[in-house]
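# What the coordinates show
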Amino acid sequence: MQTDAPFWDSLVFAGIDDVDVEAVTAALGTVEVAARGRAAGSACPDCGRFSDRVHDRYLRRLKDLPLAEQGFVIRLTVRRFICGPVDCPRRTIAEPFSQLAAPHVRFTTRLNHALERVGLALAGRAGARPTAQLGFGAGRMTLLRRVMALPDPRFSTPRVLGVDDFAIRRGQTYSTVLTSVEDHRVVDVLPTREAGPLTAWLIRHPGVEISCRDRASAYTDGARRGAPDALQVADRFHLWLGLRRAVETCVAAHRDCLRNPSPSSMLPEATLGSGPPQDDTEPVGRRADRKKAAHALVHELLAQGHSRRAIARHLGWGLNTVLRWAD
Ligand SMILES: [Zn+2]
């Protein structure tokens, strides 16, 4: 199939004005466009002088976004210009294509952007599946390389800084994530969850007024030394967590006081008009029963000679949970 070039220039290459389309062919589910550069010449990146003297030409094969569910490939003829002056170390200049594709890559810039977006949303393996289905298949490492090649996002020092740890490998390696609490953005990641890196970060980024953190003492020290004037507050999540634990401990300690009244003792209570039966006692009782059952289950499996790790795997529980019941 052959199509007239102006159509392709105006539609398929809208916004890309550094190439001219020479021919279009379609076969076996792939559309192929032969194109060449439009520039009169190029400036030498070393000496800055302009040259339009062509040394030779070579072909670049660029993969582009699919077109109407067909693969789309651009065969680009690239000119090499001669840089003449004897005082310039460079002999030839490859024709640049600022809009179509960066130098030395096999993808067009717009396909590259699509791969970056998929990589950011889904990362390697999960991202590779839809790209294959959508017709611009890229391997998981390609997607990861696209993401890693992106520049780090710029940030301004937040007024309210969130500080929390997160596990790179649970139980082994922890890092610290810094967030801007007011606009919910990740600001930076520190290599450990010790005080030192946080102190150094706060000294390098003055202007934090409130440091919002969990209750770990390392972060308290780090924030006090790095930003002594900042107000330190416990974050909402850790306040709720602390409250929940305190309530649980308290209710569990007073569980005996809350036991369901026996039938004989119920009558006088009911006649006293003390309100509906105390439903509050039931979750506590059920929770205790569940704990007992978990404890019994773990010890039964231990008695059968299974390892703690095997029990965790078998029950689908965390190893720490099994260790707690085992001990
Ligand atoms: Zn030069």
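Here goes a summary of the coordinates provided. These numbers were taken from a predicted model, which means no experiment stands behind them.

## A closer look at the pairing of strand 2 (residues 30-37)
- Side chains Val31, Val33, Ala35 and Gly37 of strand 2 all project onto a buried face; the interleaved residues Thr30, Glu32, Ala34 and Arg36 project onto a face where none is buried.
- Note: strand 1 (residues 19-27) against strand 2, eight bridges, orientation antiparallel. By the bridge assignment, Val24 is partnered in strand 2 with Val33.
- Pairing between strand 2 and strand 6 (residues 70-82): seven bridges, direction parallel. Within the sheet, the bridge partner assigned to Glu32 lies in strand 6 and is Val73.

## Let's talk about the pattern of salt bridges
- The tally for this structure, following the rule as stated, stands at 15 salt bridges.
- In this structure, Arg49 engages Asp87 in a salt bridge whose closest nitrogen and oxygen atoms are separated by 3.3 Å. Linking Arg49 in the loop between strand 3 (42-43) and strand 4 (50-51) with Asp87 in the loop between strand 6 and strand 7 (92-94), this pair joins segments that are 38 residues apart in sequence.
- Taking relative accessible area as the criterion, Arg49 reaches 37% and is therefore assigned partly exposed.
- By relative accessible area, Asp87 is classed as exposed at 57%.
- Between Glu209 and Arg159 there is a salt bridge, with its nearest N and O atoms 3.2 Å apart. A residue pair is termed long-range when its members are at least 10 positions apart, and Glu209 in the loop between helix 5 (195-204) and strand 11 (210-213) and Arg159 in the loop between helix 4 (140-149) and strand 8 (160-169) qualify at 50 residues.

## Some thoughts on the sheet that holds strand 9 (residues 173-180)
- With respect to topology, five strands assemble into an open sheet ordered 10-9-8-11-12, the strand pairing being mixed. Each edge of the open sheet carries a strand with a single partner, namely strand 10 (185-190) and strand 12 (231-234). Taking the axes of each pair of neighbouring strands and ignoring which way they run, one obtains an average angle of 30 degrees across the sheet.
- Taken together, the four bridges between strand 8 and strand 11 define a ladder with parallel strand orientation. Its bridge partner lying in strand 11, Gly162 is registered against Cys212.

## Details of the coordination of the zinc ion
- The coordination sphere of the zinc ion, as far as protein atoms go, consists of Cys44 (SG), Cys47 (SG), Cys83 (SG) and Cys88 (SG), spread over 2.2 to 2.4 Å.
- Considering all four donor atoms around the zinc ion, angles at the metal cover 99 to 115 degrees and the coordination shape is tetrahedral.

## Let's talk about the pairing of strand 6
- Sheet analysis places strand 5 (residues 54-67) next to strand 6, joined by 11 bridges and oriented antiparallel. Bridge pairing links Arg57 to Arg79 in strand 6.
- If you look at the hairpin formed by strand 5 and strand 6, you'll find two residues sitting between the two strands, and Ala68 has a positive phi there, around 45 degrees.
- Two strands pair when backbone bridges link them, and strand 6 and strand 7 are joined in this way by three bridges, in the antiparallel orientation. Across the sheet, Ile82 pairs through a bridge with Thr92, a residue of strand 7.

## As for the side chain of Ser51
- Along the polypeptide, Ser51 turns up in strand 4.
- Take Ser51: its relative accessible area is 8%, and that puts it in the buried class.
- A polar contact of 3.3 Å, which involves the side chain of Ser51, links it to the backbone nitrogen of Arg53.
- In terms of polar contacts, Ser51 uses its side chain to reach the backbone carbonyl oxygen of Ile82, at 2.5 Å.
- Once you skip the residues sitting within four places of it in the chain, Ser51 turns out to touch Gly41, Ser42, Phe81, Ile82 and Ile93.

## Observations concerning a nonpolar patch on the surface
- Together, Phe166, Ile168, Val186 and Val189 make up an exposed nonpolar region whose accessible area comes to about 350 Å².
- Those elements giving two or more residues to the nonpolar patch turn out to be strand 8 and strand 10.
- Within the secondary structure layout, Phe166 lies in strand 8.

## Remarks on the side chain of Thr108
- Tracing the chain through its elements places Thr108 in the loop between strand 7 and helix 2 (109-122).
- Residue class for Thr108 comes out buried when judged on its relative accessible area of 1%.
- The residues touching Thr108, leaving out its near neighbours within four places in the chain, are Leu62, Lys63, Asp64, Leu65, Ile74, Leu100 and Ala101.

## Some points on the nonpolar core
- The biggest cluster of nonpolar side chains holds 18 residues, and the ones touching the most others in it are Phe13, Leu76 and Leu100.
- Elements with a minimum of two residues in this core: helix 1 (5-12), strand 1, strand 2 and strand 6.
- Aside from chain neighbours lying at most four places away, what touches Phe13 is Trp8, Val19, Val21, Val33, Phe72, Ile74, Leu100 and Arg110.
- Counting 13 residues, the second largest nonpolar core, distinct from the first, contains Leu190, Leu198, Val208 and Ala230.

The rules behind each value
Residues numbered from 1 in each chain as written. Predicted model: local features only at pLDDT ≥ 70, side-chain atom pairs only at ≥ 80, totals over all residues. Heavy atoms only, no water. Buried < 20%, exposed > 50% of the residue type's maximum accessible area, 1.4 Å probe, protein only. Helix = DSSP H or I, 4+ residues; strand = E, 2+ residues; numbered from the N terminus. Pairing = 2+ DSSP bridges. Salt bridge = Lys/Arg side-chain N within 4 Å of Asp/Glu carboxyl O. Axes fitted to C-alpha atoms, helices over the stretch in contact; angles between N-to-C directions. Donors = N, O, S within 2.8 Å, 3.2 Å for Na, K, Ca; no water. Tetrahedral: all angles 85-135°; square planar, octahedral: opposite > 155°, others 65-115°. Polar contact = N/O pair within 3.5 Å; in protein donor to acceptor, adjacent residues only side chain to side chain. Contact = heavy atoms within 4.5 Å. Patch = residues over 30% accessible without salt bridge, like charges linked within 9 Å, V, L, I, M, F, W, Y side chains within 5 Å. Areas by Shrake-Rupley, 256 points an atom, 1.4 Å probe, with all protein chains shown as cover. Core = buried A, V, L, I, M, F, W, Y, C linked by side-chain atoms within 4.5 Å.

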